[in-house]
Amino acid sequence: MKTIKIFDTTLRDGEQSPGCSMNLSEKIEVARQLELLKVDIIEAGFAVSSPGDFESVQTIAKTIKDCTVASLSRAVKKDIDASYEALSQAAAPRIHVFLATSPLHMQYKLKMTEEQVLEHIRESVSYARSLVPDVEFSAEDASRSDMAFLAKAVKTAIGAGAKTINLPDTVGYVLPQEMYDMITYMKQNVEGVDEIDLAVHCHNDLGMAVANSLASVSAGATQVECTVNGIGERAGNASLEEIVMAIHTRRALLDADTNINTKQLYRTSRLLSKIIGVSIPPNKAIVGANAFAHESGIHQHGVLAKRETYEIMTPESVGLTTNKMVLGKHSGRHAFDDFLKELGYNLTPEELDTAFGQFKELCDKKKEVTEYDVEALVAQKAAKVVEHFRLKQFVVNSGNTIQATANITLEDMSGASQEQVALGDGPIDAAYQAIEKIVQMPLVLNNYKINAVSHGEDALGEVVVKVSSGSRTVTGRGLSTDIIEASMLAYINAVNKLLGA
Ligand SMILES: CC(=O)SCCNC(=O)CCNC(=O)[C@H](O)C(C)(C)COP(=O)(O)OP(=O)(O)OC[C@H]1O[C@@H](n2cnc3c(N)ncnc32)[C@H](O)[C@@H]1OP(=O)(O)O
Ligand SMILES: CC(C)C(=O)C(=O)O
């Protein structure tokens, strides 16, 4: 089985993306984590580009002992000298020289002929090689280059001493088959290519960076360049965690694996996200909040019966402690029951049916139902009260220029509807007055308390009231995402308890 080298460029190409800049101590923290993750090469920066970048490369080179540390350089002496100097204390330094090989870049950007480009490659790579043994050459915009010319450039770089040749899809343009063909072409047409590492560096402009990297591995690439969370220029670089887990999960098919400690992936991703302040989309592969979460009843049932039915990798393999069953409108009885059992509730089949029905109703009102919501539902059910009156419908108006009014309809035990309108000192008082008119009993509200029992904008509100009639005082509870409705439900619950007594 081949070992694919992972070249992390989060601190260089990743940092080139707007809003992803890091200061020196943040870069060191990321570099230390990359070392724990066991990436093979850390590209620490582009030493010549600024004194700050020089210092970062230098400090990371001093700090990191278990990975090769690389610094990027244009194909010019002053860049190579800056990289060399910044890397002087590295345990394993790599000078990474690049020059574009596509007609577009050569003509308009570099203003060089093919011959001049080949001469620059020869000169710069052999100069870098005179300084350090480990030199990588990247043919920028390789994927849009003429393949015969690219082969000459690769041959020139190998001849000048490059130990790694990188063929980037700089603008994320090509399709996986084209990456495969490019690698195959080099393997078939450049002598000596099997003695060096053939690398790829894919951008995500068409959302294909990971697929292109994997197609290259299938064709024989032995190094993949990528970034944590896929950060990087424009739409980003190939995402490290996706490449690593794709290779790891399909290692039998690819006959390849990496040296990465996959259990550090989640931690690395969160650390970077926290440092740069860029959050991870919930549906992001491997590290998104939903990557190991199941909400649909059929999937939850499958996973409870046999995890592999809907999970191709374990959450533990990327550093999570467990998968997540999210209760929501698509959940089924199996997951609901399992969830209640974990909370310590053992319901009879009938109780489960009722609670499940209420739960589904709640899900239609609320985007996400939390453990607190379910517990509140079940706790409410546990105190079973005969429903002499049930809330059928209500309209409540209030404002700072009108007196609050409530129009309430309750259904009694015979199924008949009774409607009343009342004014009040605020919407809840108006609603309570209307209820009192319907139930025709003297009621005194002694206490009123409202709590949010879950989090977020659509949290459930629980209202607890103490209501007296004559010498009896009872507690009523009501639960709803609408606090006025929760208040009415609590009052009606108290009325039913008083009538029951
Ligand atoms: C695909 C990639 O990700 S490549 C890396 C991109 N990253 C960055 O550019 C970030 C860091 N860059 C910088 O800080 C600056 O661009 C610097 C310090 C490197 C250079 O700054 P300046 O000297 O002001 O040049 P500027 O950036 O405007 O233009 C680039 C120059 O480098 C030349 N150049 C570009 N690539 C290369 C190369 N690989 N080898 C040699 N020369 C190159 C251009 O032709 C241009 O030359 P010119 O000034 O003679 O016209
Ligand atoms: C310098 C090279 C490796 C690069 O970043 C690219 O081509 O995208």
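The structure displayed is predicted, hence computed values, not measured ones. (Residues numbered from 1 in each chain as written. Chains lettered and ligands numbered in written order. Predicted model: local features only at pLDDT ≥ 70, side-chain atom pairs only at ≥ 80, totals over all residues. Heavy atoms only, no water.)

Enquirer: Looking at this model, I keep getting lost on unusual backbone geometry. Mind explaining?
Expert: Most peptide bonds take the trans form, and the phi angle of most residues other than glycine is negative. Positive phi, normally seen in glycine, also occurs at Lys38, with a value near 70°. In this structure, Lys38 sits in the loop between α2 (24-37) and β2 (41-45). For Arg234, which is not glycine, the phi dihedral falls at a positive 50°. The residue Arg234 is located in the loop between β8 (223-226) and α10 (240-249) in this model. (Helix = DSSP H or I, 4+ residues; strand = E, 2+ residues; numbered from the N terminus.)

Enquirer: Just checking my understanding: could you explain the site of ligand 2 for this structure?
Expert: Taken together, Arg12, Asp13, His96, Phe98, Ser138, Glu140, Asn166, Pro168, Thr170, His201 and His203 make up the full set of residues near ligand 2. Here Arg12 contributes a side-chain N or O atom positioned 2.9 Å from an oxygen atom of ligand 2. At 3.1 Å, a side-chain N or O of His203 approaches an oxygen atom of ligand 2. Looking at the shell around ligand 2, the elements with two or more residues in it are α1 (10-14), β4 (93-100), β5 (135-140) and β6 (164-169). (Near = heavy atom within 4 Å. Polar contact = N/O pair within 3.5 Å; in protein donor to acceptor, adjacent residues only side chain to side chain.)

Enquirer: How should the site of ligand 1 be read in this particular structure?
Expert: Gln16, Arg74, Ala75, Phe98 and Glu140 are the nearest of the 14 residues found near ligand 1. One of the side-chain nitrogen or oxygen atoms of Arg12 is found 3.2 Å away from an oxygen atom of ligand 1. Within the backbone of Lys109, one N or O atom sits 3.4 Å away from an oxygen atom of ligand 1. Surface burial for ligand 1 is 53%, taken as the share of its 1,000 Å² of free accessible area covered by protein chains. Elements that contribute at least two residues to the shell around ligand 1 include exactly β3 (68-74), β4 and α5 (103-110). (Areas by Shrake-Rupley, 256 points an atom, 1.4 Å probe, with all protein chains shown as cover.)

Enquirer: How should I be thinking about the domain arrangement of the protein chain in this particular structure?
Expert: Quoted interface sizes are often the accessible area lost when the parts come together. Entries for the protein chain in the domain assignment read domain 1 (2-276), domain 2 (293-365) and domain 3 (389-500). Here the C-alpha centre of domain 2 lies 43 Å away from the C-alpha centre of domain 1. With 6 residues of domain 1 at the interface, the matching set in domain 2 holds 7 residues. Of the roughly 560 Å² buried between domain 1 and domain 2 on both sides combined, carbon and sulfur atoms contribute 68%. Considering only the side of domain 1, the residues that lose the most area to domain 2 are Met245, Lys263 and Tyr266, jointly responsible for 68% of the buried surface there. (Domains from an automatic or database assignment. Contact = heavy atoms within 4.5 Å. Buried area = accessible area lost by both parts, 1.4 Å probe.)

Enquirer: Please clarify how the packing of aromatic side chains should be interpreted in this entry.
Expert: Aromatic ring pairs are defined here through the distance separating the ring centres and the angle between the ring planes. In total, this model carries 5 aromatic pairs according to the counting rule given. Taking 6.3 Å as the distance between ring centres and 80° as the angle between the ring planes, the aromatic pair formed by Phe46 and Phe98 counts as edge-to-face. Note that Phe46 is positioned in the loop between β2 and α3 (51-63) and Phe98 in strand β4, a separation of 52 residues in sequence. When sorted by exposure, Phe46 lands in the same class as Phe98, which is buried. Measuring from centroid to centroid gives 3.7 Å for Tyr432 and Tyr491, while their planes differ by 5°, and the two rings are stacked. Pair noted here: Tyr432 is in helix α17 (residues 427-439) and Tyr491 is in helix α18 (residues 483-500), with a separation of 59 residues, a long-range link. Exposure remark for Tyr432: the relative accessible area of 4% places this residue in the buried category. Through pairs of rings, three or more aromatic residues link up here, namely Phe336, Phe356 and Phe359. (Phe/Tyr/Trp six-rings, centres within 6.5 Å; stacked < 30°, edge-to-face > 60°. Buried < 20%, exposed > 50% of the residue type's maximum accessible area, 1.4 Å probe, protein only.)

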